[in-house]
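Inside the fold
What follows is the residue order along each chain.
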Amino acid sequence: MTNLKMLTDEELVVAYAQGNNSAFDILLNSHRDTVYSYIYFIVKNRELAEDIFQETFVKAIITIKQGRYTENGKFRAWISRIAHNLIIDHYRQEKNEQTISNDDCEIDLFNNSKLSEGTVEDEMIKSQILTDVKRLVDYLPDNQREVLLLRYYQDLSFKEIADITGVSINTALGRMRYAILNMRRMAEEKNMILTSG
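Residues numbered from 1 in each chain as written. Predicted model: local features only at pLDDT ≥ 70, side-chain atom pairs only at ≥ 80, totals over all residues. Heavy atoms only, no water.

As for the overall build of the protein chain
Just so we agree on the cut-off: For helices the rule is a DSSP run of H or I covering at least 4 residues; for strands it is a run of E covering at least 2, with both sets numbered from the N terminus onward. A 1.4 Å probe rolled over the protein chains alone gives each residue an accessible area, and that area as a share of the maximum for its type sets the label: buried under 20%, exposed over 50%, partly exposed in between. Residue contacts are defined here by distance: any two heavy atoms, one from each residue, within 4.5 Å place the two residues in contact.
Helix and strand content of the protein chain: eight helices and zero strands. In the protein chain, which comprises 197 residues, the share counted as buried stands at 38%. Once local pairs closer than 6 in sequence are excluded, the contacts in the protein chain between residues at least 24 apart make up 61%.

A short note on the environment of S157
Take S157: it is sitting in the loop between α6 (142-152) and α7 (158-165). Taking relative accessible area as the criterion, S157 reaches 28% and is therefore assigned partly exposed. The sequence separation of S157 and A77 amounts to 80 residues, and the corresponding C-alpha distance is 9.7 Å.

A closer look at the pattern of salt bridges
Worth spelling out the cut-off: In the sections that follow, a salt bridge refers to a side-chain nitrogen of Lys or Arg positioned within 4 Å of a carboxyl oxygen of Asp or Glu.
Using the criterion set out here, one finds five salt bridges in the structure. As a salt-bridge pair, K159 and D163 come within 3.2 Å of each other at their nearest N and O atoms. In this pair, K159 and D163 are both assigned in helix α7, four residues apart and thus about one turn of the helix distant. For D163, a relative accessible area of 23% puts it in the partly exposed group. Linked by salt bridges that have partners in common, K74, K159 and D163 make up one network.

Some points on the layout of surface pockets
Our working definition: Grid points spaced at 1 Å over the protein atoms alone were grouped into cavities, where a 1.4 Å probe fits but cannot get out, and pockets, open sets with protein on both sides within 12 Å along at least five of seven lines, with lining residues defined by an atom within 4 Å of a point. Grid points are joined across faces, edges and corners, and a volume is the space filled by probe spheres set on the points. Classification convention: Asp, Glu, Lys, Arg as charged; Ala, Val, Leu, Ile, Met, Phe, Trp, Tyr, Cys, Pro as nonpolar; all other residues, Gly among them, as polar.
Here the second largest pocket defines a volume of roughly 160 Å³. The wall of the second largest pocket is formed by V133, L148, Y152, Y153, I180 and M183. Secondary structure elements with two or more residues in the lining of the second largest pocket: α6 and α8 (169-189). Class assignment of the residues belonging to the lining of the second largest pocket gives a composition of six nonpolar, no polar and no charged.

Structural notes on the packing of helix α1 (residues 9-17) against helix α3 (residues 46-65)
When two helices pack together, their arrangement is captured by the angle between the axes and the distance separating the axes. The condition is simple: Angles here are taken between N-to-C directions and fall from 0 to 180 degrees, while the axes themselves are lines fitted to C-alpha atoms, restricted in helices to the stretch in contact. Any angle between 65 and 115 degrees counts as roughly perpendicular, while under 35 counts as roughly parallel, over 145 as roughly antiparallel, and the rest as oblique.
At their nearest, the axes of α1 and α3 sit 9 Å apart, and the two run at 70 degrees to each other. In terms of orientation, α1 and α3 fall into the roughly perpendicular class. Residues V13, Y16 and A17 of α1 form the contact with α3, whose participating residues are I61, I64 and K65. When the residues that make up the contact of α1 with α3 are grouped by side-chain class, the tally is five nonpolar, no polar and one charged.

So, the packing of aromatic side chains
Short version of the rule: Aromatic pairs are defined between Phe, Tyr and Trp rings, using the six-membered ring for Trp, whenever the two ring centres lie within 6.5 Å; interplanar angles under 30 degrees are classed as stacked, those over 60 as edge-to-face, and all others as tilted. Only when the NZ of Lys or the CZ of Arg is both within 6 Å of the ring centre and within 35 degrees of the ring normal is a charge said to sit over the ring.
What the rule picks out here adds up to eight aromatic pairs. With a centroid separation of 6.1 Å and 50 degrees between ring planes, the pair formed by Y69 and F75 is classed as tilted. With relative accessibility at 12%, the residue Y69 sits in the buried group. With 4.6 Å between their ring centres and 80 degrees between their planes, Y69 and W78 make a pair best called edge-to-face. On the basis of relative accessible area, W78 is assigned to the buried category, the value being 8%. Three or more aromatic residues joined by ring pairs form one cluster here, namely Y16, F24, Y36, Y40, F53 and F57. Sitting over the face of the ring of Y178, R177 holds its NZ or CZ atom 5.7 Å from the ring centroid.

Next up, the structure:
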């Protein structure tokens, strides 16, 4: 029997489509953190992020089981695109129902003392910079914020970002450029210093 952990994403999809449920468990485990983090960064609500995350993988399961998965070599971009579309659907539905989103339970995922060493003062400076950067990211237009999050927090290529968001690579690059320019401008306007040196 083949060791499933040695298979590529595409081979795992095929194995799962042929009835090997363990293959999907491996796919889920290897993409869980990336997909959940992406969803959470956009919706900023743990419960909603979990709902969309589950719906993303349910949709993936159904598509694969129906033999409609055709994204050779692009499983990660494909699963992220499903999540992206479900997030858009959620906000469209919310807008139609004219409900107000509640961001009361925002948790700062950036400040994690395990990720660095240094003095208390260094930590406080880093923490403040991360808080300031996060605040600036939140002020960006949705399309710029999304490209920035996909690039820096999901480590996706601009080609993958273009596939997920349904725009050209040039548009994705342009959005990234404007996101960075906007963040610089906002930092200057608010007299924020975004370096610790």
